[in-house]
Amino acid sequence: MANSRETLLEKYSAKVYKNRKDHLLQLAEGDKNAAIAANTRAIPGVMTARGCCYAGCKGVVVGPLKDVLVITHGPIGCGFYSWGTRRNKAKTDENTDKNFIPYCFSSDMQESNIVFGGEKKLEQAIEEAMELFSPKCIMICSTCPIGLIGDDVQAVARRTEAKYGIAAIGYSCEGYKGVSQSGGHHIANNGLMRYVIGTGDKKPKTKFSVNVLGEYNIGGDGWEEERIFKRCGIEVLNLFTGDASYEGLKSAHLAHLNLVMCHRSINYIAEMMKTKYGIDWIKVNFIGVEATCKSLRDIAKYFNDAELTKRVEEVIADEVATIKSDMEHYKSKLNGKTAGIFSGGSRSHHYQVLLQELGMKTIIAGYEFAHRDDYEGRDIIPQIKEDADNKNIESIVVAKDDKFYKETYTEEQIANLKSAGIELDTYGGMIPEMIAESVVVDDYNHFETDELIKSMKPDIFLSGIKDKYSIQKAGTASRQIHSYDYSGPYSGFRGAVTFARDVAMAIFTNAWPLVTPPWKNKPMLTGKLKEVG
Amino acid sequence: MLNLNVNPCKMCMPMGAISALWGVKGCMPMLHGSQGCATYIRRHMSTHYSEPIDIASSSLTEEGTVFGGEANLLKGLKNMIELYNPEVIGVCTTCLAETIGEDVGAIVKKFYEQNSTVKVINVASPGYGGTQNEGWFVAIRSILEQMEPNKQPNGKINIITPMISPADTRWLKSFLKEMGIDYILLPDISDNLDGATEKHYERLKTDGTSITDIAAMAGAKLTIEFSEFTDEKNSPAEYLKETYGVPYVKLSLPSGASGMDKLISVLTEAGGAPSDEIKKARGRYIDAMIDSHKHSAQARVAVFGDPDFVVAMVWLCCENGALPVLAATGSISPKLKEMLANETEDCRKFHFAEEIRVLDDSDFSAIEKGCVELGANLLIGSSDGRRISRKLNIPLIRCAFPIHDYIGGQRTRILGFDGSLCILDQAANAMMEKTEGSFREELHEKFYKPQTAKKAADKTATHPCFGEQACQNARVHLPVAPKCNIQCNYCLRNYDCMNESRPGVTSKILSPAEALERYIKLKANMPSLTVVGIAGPGDALANFDKSAETFRLIREYDQGVTFCIATNGLLLPQYAQELKELDVSHVTVTMNAVDPSIGAKIYKYVQYMGKTYTGIEGAAILLANQLAGIKMLSEAGIMCKVNCVTLKGINDHHIYEVTQMAANLGAFMTNIMQHLPVKGSAFEGLERVTNKEIAVLREQCGANIKQMTHCRQCRSDAAGTLDRDVSIEFRESVPEKPGPEKFRRFAVATQTGAVVDMHFGQADEFYIYESDEKNARFVETRKVIKYCNGPQCENKEERWNSVIHAISDCEAVLAVRIGPTPEKRLKENGISAITTYERVETAVLQAAKEKRRNTHGTA
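Residues numbered from 1 in each chain as written. Chains lettered and ligands numbered in written order. Predicted model: local features only at pLDDT ≥ 70, side-chain atom pairs only at ≥ 80, totals over all residues.

1. So, the overall build of chain A
Line of reasoning, step 1. Per the secondary structure count, chain A includes 22 helices and 14 strands.
Line of reasoning, step 2. Its C-alpha atoms give chain A a radius of gyration of 25 Å, near enough to 24 Å, the size a compact globule of 533 residues would have.
Line of reasoning, step 3. Overall size of chain A, expressed as C-alpha extent along the three principal axes, is 100 × 65 × 50 Å.
Line of reasoning, step 4. When each of the 533 residues of chain A is scored for burial, the buried share is 57%.
Line of reasoning, step 5. Considering only contacts in chain A between residues 6 or more positions apart, those separated by 24 or more positions represent 75%. (Helix = DSSP H or I, 4+ residues; strand = E, 2+ residues; numbered from the N terminus. Rg over C-alpha atoms; globule rule 2.2 N^0.38 Å. Buried ≥ 20, exposed ≤ 12 C-beta atoms within 10 Å, placed from the backbone. Contact = placed C-beta atoms within 7 Å.)

What follows is the structure, encoded as structure tokens:
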């Protein structure tokens, strides 16, 4: 196990070795400052787990906006493949009379549209959409050919706004842009910041209002968080963007505090809202009982209200007591087991906390599309070199908003809060919290997954659908950590129990001991044949 | 929809091409394009097959789109060989590679210069070039085209299938063996996409059709291609014939006895023979057909998917006496209709069905519409039908790619006798489950709870519009239907539909849940409420989902209440059956003409089936649907009233014909209505037909059909506790004021409703009260256009019209103050003004007494 990294890298050709060696770390004892290469191009042909820019924009960030009619502009495939695949749950609420989550809209371009341009078809598609669904907001997401054939989706969006008096946003999130989904997240963040956030005036009802950024409500995670918040008396204005609505996001800038779950996909908005509106953000984690408690206490500390602090402590005491015996039961089963986690850009960190609570060790952790700050912490940002691929993704600069900018704390007060252990306006990254000898992989691929499992033999591997079946076929339990295998929620207090049960279920399924049939090696029954006669 | 695909019933070419390559031994597929394509396709295939799906990507970035993807592709090929050591690599293009014009053939040539041990097949599969079905065949054809052929005659039979499940592929192989056929199957996905868990796991799939076998296809004696939809450009069989002279037979997928018998005949001719086991399997299938015929015959099936799948399932349905009401594919495949026409005709006739709908290039919004219109009760296809299934409560048999909400996609069976039985059993069981789940309740409702399901006669007797003696009964119109699908020239769309609701008032639209809430509230305060109507503000049927949901919710709450709707009739034929099922017992259809040339003058346009029609064409479509719809209603035992707006110089000479036609179609009564010009509408300047003329018309038409003349009584009571939802028939056809011997009516300007506290000019609504001097009774509130004092305001006349119109049945207005001009104008219209600052009830009682004194005084 100690040299799993070397064993794996040796199998690569010199060229691939040169590239991959910086993306693969095996942590030494006490090494909290290990550096890793990240957010660079994937190597062709090695079966990367990464998706594309369109997937990050449409699939992850804007797709879950329930009252937005999202049209995929392009041939049919991309629209179809991003239709209902993320398990981001949504229900209609007071903000939305329409819920488009079960729908897939595509301009379904044909060969002639590629040759002669597809703008006209897109505009006609929008007209049909208006007639049929009359949404308040339309978003257009571009697929690969759009940028190449010169269709201007932004111009179409502007014309749509003028013609129908609704909001319309065009995203140039062609699949080939950037190096992974990450570029798409950034493009989507920019669009929401530019055109949506700050255009509403629905004021919070309480003085403790928050947006939960980077919570996509997979398997109902956001709802479990909302349940806890409600008990504590914390008002959730928006989940970004699980179960979110265009209508709600418009007034997101009126929140008192931003909480960041998935740092990777939404830190841009957190930062921009801090600059433009003066809203602080706290890096929270609601995966794991201890992590949830800490996040709640951090929020209470930030608001610095005796009544709120008291309520938070009461809720924590009550919730923890409720799940205690369940958690102890699962811990007794899982204690000492090991795990590997490959996820998108934040869960590999989040779930280590929960696994640890169950007595498990995380020995492999990797991300598809994280940046160095997700591994090493935001302090590294000034040192990150921009390359050609990243430059292609627009970075927007926002200024203080005259009307809404309001600082809650002075710089000194913020420094005090930080030294009290709150991750305020910053994030420390995953690597500093990992154990010695564990392996960290950036932009993991199928080959590396297989090899690491072979050499490090974790009891369970948490990953996505693309790896799931090869992991299982190779004899290791697996849970999907992107979509939770139709389970969930995994967040908060109740989610922790659901997760513990699912992990125990996977490791202890009766199939594992049956893989090798008993009759293959030795006879099942012993005895002598009686002589007939 | 022509340009917007709403919930696609198709995927892209690379999906099919990759799937086919999984059936080649030792093959690793790669997508040349941006890496998202590989990721999305891996994700979708893995979910369906529960198998690892390795698809490499050349991971093109922005740089590649500028300088071409050659470097990435060559690098990718090299890395794949190092990591997987495959025998074959299939490179499929994507939208991106094709749009930038990659010459993959040339790149592959370059690759061969450095490497000769691995076979590379390139497949041109742009995402915009077709669906997964085309991608599948293009890949097979490319494999054959790029293979070194072995033309040595080998006496084997080539087998080419469209995309079928691994389980069906396994069956096909064992069946061919059982028939004694020596075959080469391409592609063979049976093990690669449905692998076992064993001690050792190999990353590279080791099953599938080998390169040697593929080469030998050139020397086969026959090709059987299970597709009716391939053409000379993409048919693998055609290629083998053209290039190597291998003859071919094209068959549809072998489902059902007819499909299987055809296949067995062909194979027998080719030297095979059905074994005893095959004969027994056939016998079992026929046995099951007989056993489940009565269940199968209940099924009205909607089939969707790839064309060959659809054909196989439609024929299976027909063979088993189920009616395939809808056959749809997302592919552009005009041939589908032609393929199905003859086979389904007998089935259609046998079931007395009007239509078997065949759609190509369709999406799930079109399929859903078809399911509703054609009354489908079973869906067969992929799991993408689950949304329709849930929404319309129709069971779905999942047996085509992709299946994402169930497991076992790799094990679905539709082929052969036992595969057909899988479908047949599921279909029959779905029908039985429906019966099992509902028939007790139905019987109970029918025989033991007569009081809850009221008879039509009872309902009519208690319906304030239909029953003459029903004046004590109240009704509520719930405004849940905002959209309208026609434009009448007398109607101004900014406001409600004039026919069915008061003009000049844009009422709040209620959601079905809110409508239920309003009903519950009203019912609690008004036990006499016996009728719920949906009369707009648009058209009840143009918003059928909303209307239906409202009725369903209210029916759950109240078993006894009567349901009625008002409609222009355009969608009646579509929904007549549903209305019956929703227990709607009364329908009002507004039909202003039975001659399209007259209708053309009345209707500006008619929107039907996604198209807008104008002039005679539009009027004719509307009329045809009205006539068919009214007939269907009367046949279904639904009471139908025909409203007819009398338009001077346009249809006033034609009313007699309208009522005659209504009578012939079985309508219950007609309501000849006065036209009230709405400012801004096309008929704004049209002269009004007088009350007298209306009365004469009614008398004449009374010879044809029962006339509605009793609006007056209805109005006072039905409107008694309702505010804005009063439909026009009650309002406009009774301009007469209540007689002096009865109640007198007053319009009160009040903000709170307690005290007469508003200036006449400030009021944007009036509280209408009735009094017989002993009691003062609140009737309703009526909105009017707000008065404006601005110098540029052009609304004054409109305000006046709206006020006069709203309170024309009142004897006096009660307000705190009123200006001299308005007072004068009111007086011209026979309404006096009383200024007071009193409690409303007191003021009304006083006014009633005063009025009587005045009347008597002047008499």
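2. With respect to the overall build of chain B
Line of reasoning, step 1. Scanning chain B from terminus to terminus reveals 31 helices and 29 strands.
Line of reasoning, step 2. Taken over 859 residues, chain B has a buried fraction of 54%.
Line of reasoning, step 3. Nonlocal contacts in chain B, meaning residues at least 24 apart in sequence, comprise 72% of its contacts between residues at least 6 apart.

3. Observations regarding the interface of chain A and chain B
Line of reasoning, step 1. On the chain B side, the residues contacting the 64 residues of chain A number 62 residues.
Line of reasoning, step 2. If you tally residues by element for the side of chain A that touches chain B, the top one is helix 20 (residues 465–473) of chain A, at six residues.
Line of reasoning, step 3. The residue inventory of the side of chain A that touches chain B, partitioned by class, reads 33 nonpolar, 18 polar and 13 charged.
Line of reasoning, step 4. Note: strand 3 (residues 105–106) of chain A against strand 1 (residues 5–6) of chain B, two bridges, orientation antiparallel. (Nonpolar A, V, L, I, M, F, W, Y, C, P; charged D, E, K, R; others polar. Pairing = 2+ DSSP bridges.)

4. Quick look at the sheet that holds strand 16 (residues 486–488) of chain B
All names here are of chain B.
Line of reasoning, step 1. Spatial ordering of the open sheet is given by 16-20-21, a layout of three strands whose pairing is antiparallel. Bordering the open sheet on either side are strand 16 and strand 21 (611–614), each of which pairs with just one other strand. Here the average twist between neighbouring strands, direction ignored, is 20°.
Line of reasoning, step 2. Relative to the sheet, helix 24 (residues 615–635) contacts strand 16, strand 20 (603–608) and strand 21, its axis offset from that of strand 20 by approximately 60°. (Axes fitted to C-alpha atoms, helices over the stretch in contact; angles between N-to-C directions.)

5. Comments concerning the pairing of strand 20 of chain B
All names here are of chain B.
Line of reasoning, step 1. As paired strands, strand 16 and strand 20 are joined by three bridges and run antiparallel to one another. Looking across to strand 20, one finds that C488 is bridged to Y603.
Line of reasoning, step 2. As paired strands, strand 20 and strand 21 are joined by four bridges and run antiparallel to one another. Within strand 21, the residue paired with V606 across the bridge is Y613.
Line of reasoning, step 3. Taking the residues between adjacent antiparallel strands as the criterion, strand 20 and strand 21 are bridged by two residues, where M609 takes a positive phi near 55°.

6. Quick word on helix 21 (residues 544–557) of chain B
All names here are of chain B.
Line of reasoning, step 1. If you check helix 21, its first and last C-alpha atoms are 20 Å apart, about what 14 residues at 1.5 Å a residue would give, namely 20 Å.
Line of reasoning, step 2. All of the buried residues along helix 21 are F544, K546, S547, A548, T550, F551 and I554.
Line of reasoning, step 3. For helix 21, the secondary structure elements touched by its buried residues are helix 20 (512–525), strand 17 (529–534), strand 18 (562–567), helix 22 (572–581) and strand 19 (584–590). (Expected span 1.5 Å × (residues − 1).)

7. Quick notes on unusual backbone geometry
Line of reasoning, step 1. The residue after G488(A), namely P489(A), is reached through a cis peptide bond having omega -5°.
Line of reasoning, step 2. Geometrically, the link from L186(B) to P187(B) is a cis peptide bond, its omega value of -10° lying close to zero.
Line of reasoning, step 3. Its location among the elements puts P187(B) in the loop between strand 7 (183–186) and helix 9 (211–216).
Line of reasoning, step 4. Although it is not a glycine, D425(A) adopts a positive phi angle of roughly 55°.
Line of reasoning, step 5. Positionally, D425(A) belongs in the loop between helix 18 (411–419) and strand 12 (439–442).
Line of reasoning, step 6. Of note, K457(A) is a non-glycine position whose phi angle comes to about 45°, a positive value.

8. Thoughts on the sheet that holds strand 13 (residues 378–381) of chain B
Residue and element names in this part refer to chain B.
Line of reasoning, step 1. Spatial strand order, 12-11-10-13-14: five strands in an open sheet with parallel pairing. Strands at the two margins of the open sheet, each flanked by one partner only, are strand 12 (357–359) and strand 14 (396–398). Averaged over all neighbouring strand pairs, the angle between strand axes comes to 20°, with direction disregarded.
Line of reasoning, step 2. Where helix 16 (residues 364–374) meets the sheet, it contacts strand 10 (300–304), strand 11 (323–328) and strand 12, and its direction lies at approximately 160° from that of strand 11.

9. As for the pairing of strand 19 of chain B
Residue and element names in this part refer to chain B.
Line of reasoning, step 1. Counting buried positions along strand 19 yields seven of seven residues, so the element is predominantly enclosed.
Line of reasoning, step 2. Across five bridges, strand 18 lies against strand 19 in parallel orientation. The residue of strand 19 that forms the bridge with C564 is H586.
Line of reasoning, step 3. Between strand 18 and its parallel partner strand 19, the chain crosses via helix 22, and the hand of that crossover is right-handed.
Line of reasoning, step 4. As defined by bridge partners, strand 19 adjoins strand 22 (residues 639–646) across five bridges and the pair is classed as parallel. The residue bridging V589 from the neighbouring strand is V642, located in strand 22. (Right-handed = clockwise from strand over helix to strand, strands pointing away.)

10. What to know about the environment of D467(A)
Residues and elements named next belong to chain A.
Line of reasoning, step 1. Here D467 shows up in helix 20.
Line of reasoning, step 2. Separated by eleven residues in the primary sequence, D467 and S478 place their C-alpha atoms 8.9 Å from one another.
Line of reasoning, step 3. Apart from the residues lying within four places of it in its own chain, the contact partners of D467 are A49, F342, H446 and T449.

11. Let's talk about the packing of helix 13 (residues 289–303) of chain A against helix 14 (residues 306–334) of chain A
Residues and elements named next belong to chain A.
Line of reasoning, step 1. Where helix 13 meets helix 14, the closest approach of the two axes is 10 Å, and the angle between their N-to-C directions is 175°. For the element pair helix 13 / helix 14, the angle class is roughly antiparallel. Across the interface between the two elements, V289, C293, L296, R297, A300 and F303 from helix 13 touch L308, T309, V312, I316, V320 and M327 from helix 14.
Line of reasoning, step 2. Here the residues of the contact of helix 13 with helix 14 sort into ten nonpolar, one polar and one charged. (Parallel < 35°, antiparallel > 145°, perpendicular 65-115°, else oblique.)

12. Quick word on the packing of helix 1 (residues 13–21) of chain B against helix 7 (residues 132–145) of chain B
All names here are of chain B.
Line of reasoning, step 1. Direction vectors running N to C along helix 1 and helix 7 enclose 45°, while the axes themselves pass 6 Å from each other. Taken together, the axis directions place helix 1 and helix 7 in an arrangement best described as oblique. The crossing of helix 1 and helix 7 is right-handed. Contacts between helix 1 and helix 7 pair M13, P14, M15, G16, A17, S19, A20 and L21 from the former with Q132, N133, E134, G135, W136, V138, A139 and I140 from the latter. (Left-handed = near helix turned anticlockwise from the far one by under 90°.)

13. Concerning helix 26 (residues 691–701) of chain B
Owing to its 3.6 residues per turn, the α-helix brings residues three or four apart onto one side.
All names here are of chain B.
Line of reasoning, step 1. I694, L697 and C701 are the residues of helix 26 that are buried. Summarising the axial view, the buried residues of helix 26 lie within an arc of 60°, below the 170-degree limit, and thus occupy one face. In helix 26, the exposed positions angled more than 90 degrees off the buried face are occupied by K692 and E699.
Line of reasoning, step 2. Buried residues along helix 26 sit in contact with strand 22, helix 25 (655–664), strand 23 (669–674) and strand 24 (706–707). (Arc of directions from axis to C-beta.)

14. A few points about the confidence of the model for chain B
All names here are of chain B.
Line of reasoning, step 1. The predicted model of chain B has a mean per-residue pLDDT of 86, with 88% of residues at 70 or higher.
Line of reasoning, step 2. Long-range and interchain partners of residues 450–454, a stretch whose pLDDT sits below 50, account for six contacts in this model, where long-range means more than four residues apart.
Line of reasoning, step 3. Segment residues 711–740: pLDDT under 50, and 76 contacts once partners within four positions in sequence are set aside and those in other chains are kept. (pLDDT = per-residue confidence, 0-100.)

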